[in-house]
Amino acid sequence: MALNHALVGVPSESATRSWDGIDTLLYALGVGAGAEDPQQELAFTTENTEGVDQRVLPTFAVLVAQAQGGPRRRLGDFDPARLVHAEQAFHLHRPLPVAGSVTVTSTVTDMLDKGRGALVRTESVATDDDGRPLVTARSGAYITGEGGAGSVSAERSGDRPLPGDGPWSRPEREPDHRVVYRTRPDQALLYRLSGDRNPLHSDPAFAARGGFDRPILHGLCTYGFTGRALLHTVCGSDPGRFHSMYGRFSRPVFPGDVLVVNLWRDGDDRTLFQTETQDGTVVIDRGVAHHS
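As annotated in an unreviewed UniProt entry, the protein carries the name Acyl dehydratase and is attributed to Actinomadura meyerae.

As structure tokens, this is what we get:
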């Protein structure tokens, strides 16, 4: 067995995801909140600042939609070092609570033959104790060497509120906003404490199996940095105004790199973005965020 096409369209067993205020604080630090000025972003990095209520960064939604319990389904037999995160989207049905618990159900929606590899897309829905959706998320994983077996997609039904499926082109004008963040040399070691212990981001030998000369930064860490730029620039730092986000991971980032987030307003409730490293390499492409 290479990729298990029989998984496509079959919902997983339900599993739980719980978090508390410490988890959300650690996540915020892991995506750079407060690193350049510890007196900024205190709503996301502290729980006891006078006159400041603790809040949650919107991109923590991606972690909320990842189940902690229940059996894990194998996509197939392949070297896990050949799997990289390719794309990520989420839609927040309402702002995230500082602490909570959800039930998560996931479905592999596509296994797409890309020639030299395969793109596997998974959609997850996290619901609260009352059965109301809190987060809908979609992730895509690219697996090198698993192309050539054809494509399989689940039948689509209903409205899907996730951005990223439509056409995208970089606006032919200077960005309306440009936000610059520097990642730490130990950024991956800090971010992995939020749950993603993939040795690709910490073990030099494992990273070498994936074709990298040293461990790379988690794509979702770069995604979190980018989400902070969107939150503070187009949402007035109010998570309640941040509704959805999509980005495609186009190149690896290494801990210590500088991230430059370019933002183009596309109407009152939509922003296009690209994230680059210090040399101009685009590392998150085709970015779309919806907000109010």
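K.L.:
Could you give an account of the nonpolar core, with specific residues and numbers?
P.N.:
If you look at the biggest cluster of nonpolar residues, it comprises 49 residues, and the most contacted ones within it are Phe60, Val64, Phe90, Leu96, Val135, Tyr223 and Leu230. When residues of this core are assigned to their parent elements, the largest contribution, eight residues, is made by helix H6 (residues 219-234). Leave out the neighbours within four places in its chain, and valine 64 touches Arg17, Trp19, Leu96, Val102, Val104, Ala126, Leu134 and Val135. Ranked by size, the runner-up nonpolar core spans 11 residues in total, among them Val8, Met111, Val120 and Ile143.

K.L.:
Break down the environment of histidine 91 for me, with residues and values.
P.N.:
Its place among the elements puts histidine 91 in strand E2 (residues 83-92). For histidine 91, a relative accessible area of 17% gives the class buried. Considering only alpha carbons, one finds histidine 91 and proline 163, 72 residues apart in sequence, at a separation of 8.2 Å.

K.L.:
How would you sum up the packing of aromatic side chains? Please name residues and give values.
P.N.:
Two descriptors summarise a pair of aromatic rings, namely the distance from one centre to the other and the angle between the planes of the rings. Under the criterion given, the structure shown has seven aromatic pairs. An angle of 65° between the planes, with centres 5.4 Å apart, marks the rings of tyrosine 27 and phenylalanine 60 as edge-to-face. On the criterion of sequence distance, the pair formed by tyrosine 27 in helix H1 (residues 21-30) and phenylalanine 60 in the loop between helix H2 (42-45) and helix H3 (61-64) is long-range, its members being 33 residues apart. Phenylalanine 60 carries the same exposure label as tyrosine 27, and that label is buried. Taking 6.3 Å as the distance between ring centres and 70° as the angle between the ring planes, the aromatic pair formed by phenylalanine 90 and tyrosine 223 counts as edge-to-face. With a gap of 133 residues between them, phenylalanine 90 in strand E2 and tyrosine 223 in helix H6 connect regions that are remote in the sequence. Given the relative accessible area of 0%, phenylalanine 90 is considered buried. On the basis of relative accessible area, tyrosine 223 is assigned to the buried category, the value being 1%. The structure contains a cluster of three or more aromatic residues connected by ring pairs, namely Trp19, Tyr27, Phe60 and Tyr191. Looking at arginine 228, its charged tip hangs above the ring of tyrosine 181, at a distance of 4.2 Å from the centre.

K.L.:
For H1, give the residues involved together with the corresponding values.
P.N.:
Along H1, the residues classified as buried are Gly21, Thr24, Leu25, Tyr27, Ala28 and Gly30. Where the residues of H1 are buried, they touch strand E1 (15-19), H2, H3, helix H4 (187-191) and H6. A positive phi of about 90° marks glycine 32, the residue just after H1.

K.L.:
I'd like to hear about the pattern of salt bridges, residue by residue, with values.
P.N.:
In the structure shown here, the tally under the stated rule is 13 salt bridges. Residue arginine 82 is joined to glutamate 146 by a salt bridge in which the shortest nitrogen-to-oxygen separation is 3.4 Å. Taken as a pair, arginine 82 in the loop between H3 and E2 and glutamate 146 in the loop between strand E5 (133-144) and strand E6 (152-153) lie far apart in primary sequence, 64 residues in all. Exposure remark for glutamate 146: the relative accessible area of 10% places this residue in the buried category.

K.L.:
Describe the pairing of E5, and please don't skip the residues or the numbers.
P.N.:
Consecutive side chains of a regular strand alternate in pointing toward one face of the sheet and then the other. Of the strand pairs in this sheet, E2 and E5 are connected by nine bridges, and their pairing is antiparallel. In the sheet register, leucine 83 faces E5, and the bridge partner there is isoleucine 143. By the bridge criterion, 11 bridges tie strand E4 (residues 117-127) to E5 in an arrangement that is antiparallel. Bridging from a neighbouring strand, valine 125 pairs with threonine 136 of E5. Hairpin connection of E4 to E5: five residues between the antiparallel strands, including glycine 131 at a positive phi of 80°.

K.L.:
Residue-level account of the pairing of E2, with values.
P.N.:
With seven of its 10 residues buried, E2 lies for the most part within the structure. One ladder, built from five bridges, connects E2 with strand E8 (residues 242-249); its direction is antiparallel. Of the residues in E8, the one forming a bridge with glutamate 87 is arginine 248.

What counts, and where the lines are drawn
Residues numbered from 1 in each chain as written. Predicted model: local features only at pLDDT ≥ 70, side-chain atom pairs only at ≥ 80, totals over all residues. Heavy atoms only, no water. Core = buried A, V, L, I, M, F, W, Y, C linked by side-chain atoms within 4.5 Å. Buried < 20%, exposed > 50% of the residue type's maximum accessible area, 1.4 Å probe, protein only. Helix = DSSP H or I, 4+ residues; strand = E, 2+ residues; numbered from the N terminus. Contact = heavy atoms within 4.5 Å. Phe/Tyr/Trp six-rings, centres within 6.5 Å; stacked < 30°, edge-to-face > 60°. Lys NZ or Arg CZ within 6 Å of the ring centre and 35° of its normal. Salt bridge = Lys/Arg side-chain N within 4 Å of Asp/Glu carboxyl O. Pairing = 2+ DSSP bridges.

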